[in-house]
Amino acid sequence: MAVDTDKNSYTVIFAGIMVVIVGSVLAFLASGLRPNIEENERFEKQQNILYAMGINENGDDAGSVNFIPTDEVEAEFTTYIKEQLVIEGGKITQDNEAFLIDLKKQLAAKKKGESFKLPVFIGEKEGEKFYIIPMYGKGLWDAIWGFVALDDTMTVQGVYFDHKGETPGLGANIKQRYFMDDFSGESILDGTQYAGIAVAKGNSDPLNNIKDDNEVDALAGATITGNGVAAMIKESVNLYKDYLETIRVK
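Owing to the predicted nature of the structure, the values given are computational and were not obtained by experimental measurement.

Peer 1: How do you make sense of the overall build of the protein chain when you look at a structure like this?
Peer 2: Looking only at helices and strands, one finds 5 helices and 10 strands in the protein chain. In terms of principal-axis extent, the alpha carbons of the protein chain reach across some 90 × 45 × 40 Å. For the protein chain, buried positions account for 38% of its 250 residues. In the protein chain, the share of contacts with a sequence separation of at least 24, taken over all contacts with a separation of at least 6, comes to 56%. Across the protein chain, the mean location of the 24 positive side-chain charges is 8 Å away from that of the 39 negative side-chain charges.

Peer 1: Help me understand the pairing of strand S4 (residues 128–138) in this model?
Peer 2: Along a regular strand, successive side chains alternate from one face of the sheet to the other. Summarising the sheet, strand S3 (residues 118–125) and S4 pair through 5 bridges and their orientation is antiparallel. Bridging from a neighbouring strand, glutamate 124 pairs with lysine 129 of S4. Where S4 and strand S5 (residues 143–150) come together, 8 bridges link them in antiparallel fashion. If you follow tyrosine 136 over to S5, its bridge partner there is tryptophan 145. What sits between S4 and S5 in their antiparallel hairpin is a turn of 4 residues.

Peer 1: I would appreciate a short explanation of the packing of aromatic side chains in the present structure.
Peer 2: A ring pair, where both rings are aromatic, is described by two values, the distance of the centres and the angle of the planes. This structure, assessed with the given rule, holds 8 aromatic pairs. Judged by centre distance (5.5 Å) and plane angle (70°), the ring pair of phenylalanine 67 and tyrosine 160 falls under edge-to-face. One end of the pair, phenylalanine 67, is in the loop between helix H1 (8–52) and helix H2 (70–80); the other, tyrosine 160, is in strand S6 (residues 156–163), with 93 residues separating them in the sequence. Since its relative accessible area comes to 3%, tyrosine 160 is described here as buried. Among the aromatic residues, ring-to-ring pairing joins Tyr51, Phe67 and Tyr160 into one connected group.

Peer 1: Before we go on, may I ask you to explain the side chain of serine 64 in this structure?
Peer 2: Take serine 64: it is sitting in the loop between H1 and H2. Polar side-chain contacts of serine 64 include one of 3.3 Å to the side chain of asparagine 66. Side chain to side chain, serine 64 and arginine 177 meet in a polar contact 3.3 Å long. If we skip the residues at most four places from it in the chain, serine 64 touches Tyr51, Asn58, Gly59 and Arg177.

Peer 1: Explain the sheet that holds strand S2 (residues 91–94) to me, please; I cannot follow it from the model alone.
Peer 2: Either a parallel or an antiparallel arrangement is found when strands of a sheet pair, and the pairing is made through backbone hydrogen bonds. Here we have 6 strands laid out as an open sheet, ordered S2-S1-S3-S4-S5-S6, and antiparallel in their pairing. Looking along the sheet, the strands with just one partner apiece sit at the ends: S2 and S6. Between one strand axis and the next, the sheet turns through 25° on average, direction left out of account. Against the sheet, H2 makes contact with strand S1 (81–88) and S3, and its axis sits at roughly 80° relative to S1, the strand it touches most. Against the sheet, helix H3 (residues 103–111) engages S3 and S4, with an angle of about 65° to S4.

Peer 1: Would you mind showing me how to read the environment of isoleucine 49 here?
Peer 2: Here isoleucine 49 shows up in helix H1. Between the C-alpha atoms of isoleucine 49 and lysine 138, which are 89 residues apart in sequence, the distance is 20 Å. In this structure, isoleucine 49 is in contact with Phe77, Ile81, Phe99, Phe121, Ile132 and Phe147, ignoring residues within four places of it in sequence.

Peer 1: Help me understand the layout of surface pockets in this model?
Peer 2: One water molecule sets the probe size; rolling that probe over the atoms shows where empty space is left. Roughly 630 Å³ of internal volume is contained in the largest pocket. Contributing elements (two or more residues each) for the lining of the largest pocket: H1, H3, S3, S4 and S5. Of the residues that constitute the lining of the largest pocket, the class distribution is 13 nonpolar, 2 polar and 8 charged. Estimates place the volume of the second largest pocket at around 240 Å³. Taken together, 13 residues form the lining of the second largest pocket, with Leu107, Tyr136, Gly137, Glu235 and Leu239 sitting closest to its centre. If you list the elements that add at least two residues to the lining of the second largest pocket, you get H3, S4 and helix H5 (223–247). Per-element tally for the lining of the second largest pocket: the top contributor is H3, with 6 residues. Residue classes in the lining of the second largest pocket are distributed as 7 nonpolar, 2 polar and 4 charged.

Peer 1: Looking at this structure, how should I read a negative patch on the surface?
Peer 2: A surface patch of negative charge is lined by Glu124, Glu126, Glu128 and Asp152. With respect to the element layout, glutamate 126 can be found in the loop between S3 and S4. Its relative accessible area of 76% is what places glutamate 126 among the exposed residues.

Rules and cut-offs
- Numbering of residues starts from 1 in each chain and follows the order in which that chain's sequence is written.
- Owing to the predicted nature of the model, reporting of local features is limited to residues with pLDDT of at least 70; listing and counting of side-chain atom pairs is limited to 80 or more, with chain, interface and lining totals taken over all residues.
- Remark: hydrogens and water are excluded; side-chain values derive from all non-hydrogen atoms of the structure.
- Starting at the N terminus, helices and strands are each numbered in turn, a helix being any DSSP run of H or I of at least four residues and a strand any DSSP run of E of at least two.
- Exposure categories follow from relative accessible area, calculated using a 1.4 Å probe and restricted to protein chains: below 20% of the type maximum is buried, above 50% is exposed, and the middle band is partly exposed.
- In what follows, residue pairs with any heavy atoms lying within 4.5 Å of each other are defined as contacts.
- The sign given to each residue is positive for Lys and Arg and negative for Asp and Glu; His and the chain ends receive no count.
- By convention, the charge on Lys lies at NZ, on Arg at CZ, on Asp at CG and on Glu at CD.
- Only strands joined by at least two bridges in the DSSP assignment are considered to pair.
- Here is the rule: rings of Phe, Tyr and Trp (six-membered ring for Trp) pair when centre to centre is within 6.5 Å. Planes less than 30 degrees apart are stacked, more than 60 are edge-to-face, and the remainder are tilted.
- Any pair of N or O atoms that falls within 3.5 Å is considered a polar contact. Within protein, one atom must be able to donate a hydrogen and the other to accept it, and sequence-neighbouring residues count only if both atoms are side-chain atoms.
- In this analysis, axes come from line fits to C-alpha atoms, helices being fitted only over the stretch in contact, and the angle between any two N-to-C directions falls in the range 0 to 180 degrees.
- Each cavity reported here is a set of points on a 1 Å grid over the protein atoms alone in which a 1.4 Å probe fits but cannot get out, each pocket an open set with protein on both sides within 12 Å along at least five of seven lines, and each lining residue one with an atom within 4 Å of a point.
- Grid points are joined across faces, edges and corners, and a volume is the space filled by probe spheres set on the points.
- Amino acids are sorted into nonpolar (Ala, Val, Leu, Ile, Met, Phe, Trp, Tyr, Cys and Pro), charged (Asp, Glu, Lys and Arg) and polar (every other residue, Gly among them).
- Like charges are joined within 9 Å and nonpolar side chains (Val, Leu, Ile, Met, Phe, Trp, Tyr) within 5 Å, but only among residues with over 30% relative accessible area and no salt bridge; these make up the patches.
- Accessible surface area values rest on a Shrake-Rupley calculation with a 1.4 Å probe, where residue burial reflects the displayed protein chains alone.
- Salt bridges are defined as contacts in which a side-chain nitrogen from Lys or Arg sits within 4 Å of a carboxyl oxygen from Asp or Glu.

See below:
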């Protein structure tokens, strides 16, 4: 007997079968690709942490952002990151996979009043120590995040920023090298207070030659994203303030 393909019931049944088939195929692919996805996420975090402390393949072109290649990053991470610490409930422990801690989830736990973990990475390059802390915040449209590398005077040695959905050519430029480079040399201290770094529209120092004003020049047309970056830095610094006080040269 011929099937009446014009019936609504046929369309519904056919659509239902296709949903099941496609869903099953996607679930199978996701399951099969999960190890590769997790490995790539692992390498990406290592690349970002190293980038913040100046371990990258940037050349003289101020517009380029070049990470350590994925086939080299694990070895470089082990070479330059000397300690990985976890702060939880005022206690500090060592954890060689602290970089895998999801800061977004930890901040959500903190908001609920639950126990939460804060990772810290201690790097060393050319005899200098770097204290790298992760950051997480909100831009104009969605999440922003990154890492900031400090020395023991609370001077920024480098940063890395990224975003989920900021506007291309505007807020998305927080991950451009020319913007990130402006933070190097800035202090997160205003006197003895942890002030963070403002992203200031109308800054009188557009070349960012002044390094004791706790601010960098804003991105054109990206005021809300810039404010989000400034808020993210300040909130992250306040989260880690007790730890930073133990390493700060007074």
